[in-house]
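Architecture and fold: a report
Spelled out from the first residue to the last, the chains are:
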Amino acid sequence: MTELTSEEIAAWDACDPLAPFREEFHVPEGLYYLDGNSLGALPRKTPERIRTLIEDEWGHDLIKSWNAHDWIHLPRRVGDQIARLIGADAGEVIAADTTSINLFKMLGAALGLRPGRGIIVSEQENFPTDLYIAQGLSSFLGGEHGLRMVPRSELNDALGDDVAVVALTHVDFKTGEVHDMAEVTRRAHDAGALVVWDLSHSVGALPVELNASGADFAVGCGYKYLNGGPGAPAFLFVAKRHQDDIDPPLSGWMGHASPFAFDADYRPAPGIGRQLCGTPSILAMAALEVGVEIATRVDMKELRKKSQRMGDLFLELVEGCGLEIACPLESKRRGSQVSLRHDDGYPIMQALIANGVIGDFRAPDVLRFGLTPLYLRYSDVWEAALVLKKIVETEAWRRPEFQKRQLVT
Ligand SMILES: *Cc1c(COP(=O)(O)O)cnc(C)c1O
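How each quantity is defined
- Residues numbered from 1 in each chain as written.
- Predicted model: local features only at pLDDT ≥ 70, side-chain atom pairs only at ≥ 80, totals over all residues.
- Heavy atoms only, no water.
- Helix = DSSP H or I, 4+ residues; strand = E, 2+ residues; numbered from the N terminus.
- Buried < 20%, exposed > 50% of the residue type's maximum accessible area, 1.4 Å probe, protein only.
- Contact = heavy atoms within 4.5 Å.
- Lys, Arg positive; Asp, Glu negative; His and termini not counted.
- Charge placed at Lys NZ, Arg CZ, Asp CG, Glu CD.
- Salt bridge = Lys/Arg side-chain N within 4 Å of Asp/Glu carboxyl O.
- 1 Å grid on protein atoms, 1.4 Å probe; cavity = no way out; pocket = protein on both sides within 12 Å on 5 of 7 lines; lining within 4 Å.
- Points joined across faces, edges and corners; volume = space filled by probe spheres on them.
- Nonpolar A, V, L, I, M, F, W, Y, C, P; charged D, E, K, R; others polar.
- Domains from an automatic or database assignment.
- Buried area = accessible area lost by both parts, 1.4 Å probe.
- Polar contact = N/O pair within 3.5 Å; in protein donor to acceptor, adjacent residues only side chain to side chain.
- Patch = residues over 30% accessible without salt bridge, like charges linked within 9 Å, V, L, I, M, F, W, Y side chains within 5 Å.
- Areas by Shrake-Rupley, 256 points an atom, 1.4 Å probe, with all protein chains shown as cover.
- Pairing = 2+ DSSP bridges.
- Axes fitted to C-alpha atoms, helices over the stretch in contact; angles between N-to-C directions.
- Core = buried A, V, L, I, M, F, W, Y, C linked by side-chain atoms within 4.5 Å.

Moving on to the overall build of the chain. Counting secondary structure elements, the chain contains twelve helices and 15 strands. When its C-alpha atoms are laid out on the principal axes, the chain stretches across 70 × 60 × 40 Å. Relative to its full complement of 409 residues, the chain shows a buried share of 56%. Excluding contacts between residues fewer than 6 apart, the proportion of contacts in the chain whose partners are at least 24 apart in sequence is 71%. Distance from the positive charge centre (41 side chains) to the negative charge centre (58 side chains) of the chain: 1 Å.

Below, the structure written as structure tokens:
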């Protein structure tokens with residue numbers, strides 16, 4: 001049982017250096033939104049930016065906008081901003097497509113750089129799309145290509161001399177457990193393999209040091225902690241040393257050295273530019289830019305400190321209420337989320353949502369609570385934990401309306 005009081009929690013909020021950021025987001029009144037790890041909140045500036053883009057740029061300036069409003073460089077511009085959040089240099093990151101598509105590109109690139117090795121290694125607990133893309137690419141390439149899925153504890157043993165690339169998610173989507181990026185990368189390199197890091201639950205959530213870790217490739221999501229909006233463009237990272245050696249498997253015209261020469265033959269653009277494929281969605285890209293701009297003004301060390309403290313608080317408050325802890329207890333091994341386990345996790349989450357606490361459910365039994373330090377207060381975490389405890393104690397989740405499965409969980 002915690003010794004903390006709601007007055008003490010209010011005092012934490014009062015001296016929180018990140019508190020002013022909450023004003024930059026639209027957070028519905030009376031809602032405890034612990035799902036920013038699935039869909040980040042709406043930045044207050046986004047509607048106005050999109051209105052201007054639609055009415056003035058698209059509506060009035062039409063196609064001239066590609067030059068006049070520099071639409072053509074948006075993927076690079078946003079990429080350079082994201083680079084600052086993940087320990088990469090300008091020119092190493094580009095915003096494009098979806099995380100799934102970017103995984104395809106990065107895995108394809110890595111396989112191309114390791115001829116004679118056909119195996120992709122990943123964890124069986126990795127996010128399903130990461131595994132599916134690796135399976136699809138392997139069967140498309142045929143021959144000796146394949147995905148080797150192993151439990152986390154057996155990753156090192158899986159690194160044979162047939163392995164071209166190790167593809168891992170830095171922060172596990174279900175348990176929130178963080179990989180030691182530098183250590184895993186070093187081991188993969190020692191075995192002659194390259195590494196693709198999925199930063200979907202890392203970018204904007206904790207400090208990431210791609211170049212200091214020696215990373216080769218990375219991908220990540222724009223609609224979670226970057227607050228870019230539903231289906232926001234994703235991003236990818238290619239270390240400078242690899243960029244000009246890659247033969248892009250998705251060789252679209254936007255990645256051509258000279259797209260407006262309209263040559264019949266593909267010639268890849270130098271550097272990160274060849275990682276573009278088709279025309280970017282400018283509406284979506286502009287919304288992402290607003291979210292990313294906010295993140296670039298945040299002190300990531302302060303963000304991490306608050307995120308860890310919120311996670312510790314939540315775990316302390318729900319201790320002993322009958323839910324099993326499914327994330328690391330030690331905050332430095334945990335991303336910006338808390339995960340709990342219960343056989344009736346689905347109806348419990350439905351009851352929580354009906355009571356104004358939004359988290360999400362990940363089959364078969366995990367309740368996930370995303371902690372987004374930019375727009376959540378310690379008092380929100382306190383209130384959300386109290387609601388959860390009450391629902392479990394009173395078994396309010398047993399009501400029939402909470403049993404029906406929705407399509408999106
Ligand atoms: C959210 C997430 C994705 C999403 O991929 P999309 O292509 O945007 O649907 C991929 N990988 C991980 C680890 C994620 O958490």
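To continue, consider the pattern of salt bridges. Counted according to the given criterion, the structure contains 30 salt bridges. For the salt bridge of Asp360 with Arg362, the shortest nitrogen-to-oxygen distance reads 3.5 Å. The exposure class of Asp360 is buried, given its relative accessible area of 2%. Here Asp380 ties to Arg377 by a salt bridge, and the two come within 3.1 Å at their closest N and O atoms. Residue classification places Asp380 among the buried positions, given a relative accessible area of 2%. A relative accessible area of 34% means that Arg377 is categorised as partly exposed. A cluster of three or more residues bridged by salt bridges with shared partners is formed by Glu123, Arg152, Glu177 and Arg333.

Here we take up empty space enclosed by the protein. Under the definition given, this model contains one cavity of 30 Å³ or more. Volume-wise, the largest cavity comes out at about 60 Å³. Along its surface, the largest cavity is lined by Gly204, Lys224, Tyr225, Asn227, Leu303, Thr372, Pro373, Leu374 and Tyr375. Per-class residue counts for the lining of the largest cavity are five nonpolar, three polar and one charged. Among the domains, domain 1 (6-43 + 299-402) and domain 2 (70-296) are the pair contributing at least three residues each to the lining of the largest cavity.

Quick look at the domain arrangement of the chain now. According to the domain assignment, the chain contains domain 1 (6-43 + 299-402) and domain 2 (70-296). Each of domain 1 and domain 2 has a C-alpha centre, and the two are 29 Å apart. The partner domain 2 presents 24 residues to the 31 residues of domain 1 that form the contact. Between domain 1 and domain 2 lies a buried interface of about 2,100 Å² when both sides are counted; carbon and sulfur atoms form 61% of it. The interface formed by domain 1 and domain 2 holds one salt bridge in total. When the shortest N-O distance is used, the salt bridge between Arg333 and Glu177 registers 3.0 Å. At the boundary of domain 1 with domain 2, the tally comes to twelve residue pairs in polar contact (both at pLDDT 80 or more). Those elements that provide at least two residues to the side of domain 1 that touches domain 2 are helix 10 (300-318), strand 12 (337-341) and strand 15 (366-370). The leading source of residues in the side of domain 1 that touches domain 2 is helix 10, at three residues. Considering only residue class, the side of domain 1 that touches domain 2 consists of 16 nonpolar, nine polar and six charged.

This next bit is on helix 11 (residues 345-354). For helix 11, a buried count of eight out of ten residues is recorded, marking the element as mostly surrounded by other parts of the structure. Within the span of helix 11, buried status applies to Gly345, Tyr346, Pro347, Ile348, Met349, Gln350, Ala351 and Leu352.

This paragraph deals with a nonpolar patch on the surface. Together, Ile54, Trp58, Leu62, Ile63 and Leu283 make up a nonpolar patch on the protein surface, roughly 520 Å² of accessible area in all. In this fold, Leu283 is placed in helix 9 (residues 282-296).

Now for the sheet that holds strand 6 (residues 146-150). Spatial strand order, 4-10-9-8-7-5-6: seven strands in an open sheet with mixed pairing. Strands at the two margins of the open sheet, each flanked by one partner only, are strand 4 (93-96) and strand 6. Ignoring strand direction, the axes of neighbouring strands in this sheet form an average angle of 20°. Relative to strand 10 (residues 234-238), strand 9 (residues 217-220) is paired through four bridges, and the arrangement is antiparallel. Note on strand 10: the bridge partner recorded for Gly220 is Phe235. Contacts between helix 6 (residues 128-141) and the sheet are confined to strand 5 (119-123), strand 6, strand 7 (163-169) and strand 8 (194-198), with strand 6 contributing the most and set at about 150° to the helix.

For Asp365, the position within the fold is in the loop between strand 14 (360-362) and strand 15. Within the structure, Asp365 has its side chain in polar contact with the side chain of Arg341 (distance 3.3 Å).

Counting 58 residues, the largest nonpolar core has Ile82, Ile86, Val166, Trp197, Leu199, Leu210 and Leu226 as its most contacted members. If you tally residues by element for this core, the top one is helix 9, at eight residues. When residues of this core are assigned to domains, at least three fall in each of domain 1 (6-43 + 299-402) and domain 2 (70-296). Each residue touching Leu226, except ones within four places of it in the same chain, is listed here: Ile82, Leu85, Val203, Gly204, Cys221, Phe235, Leu288, Gly291, Val292 and Ala295. If you look at the next biggest cluster of nonpolar residues, it comprises 38 residues, including Leu371, Leu376, Ala385 and Val387.

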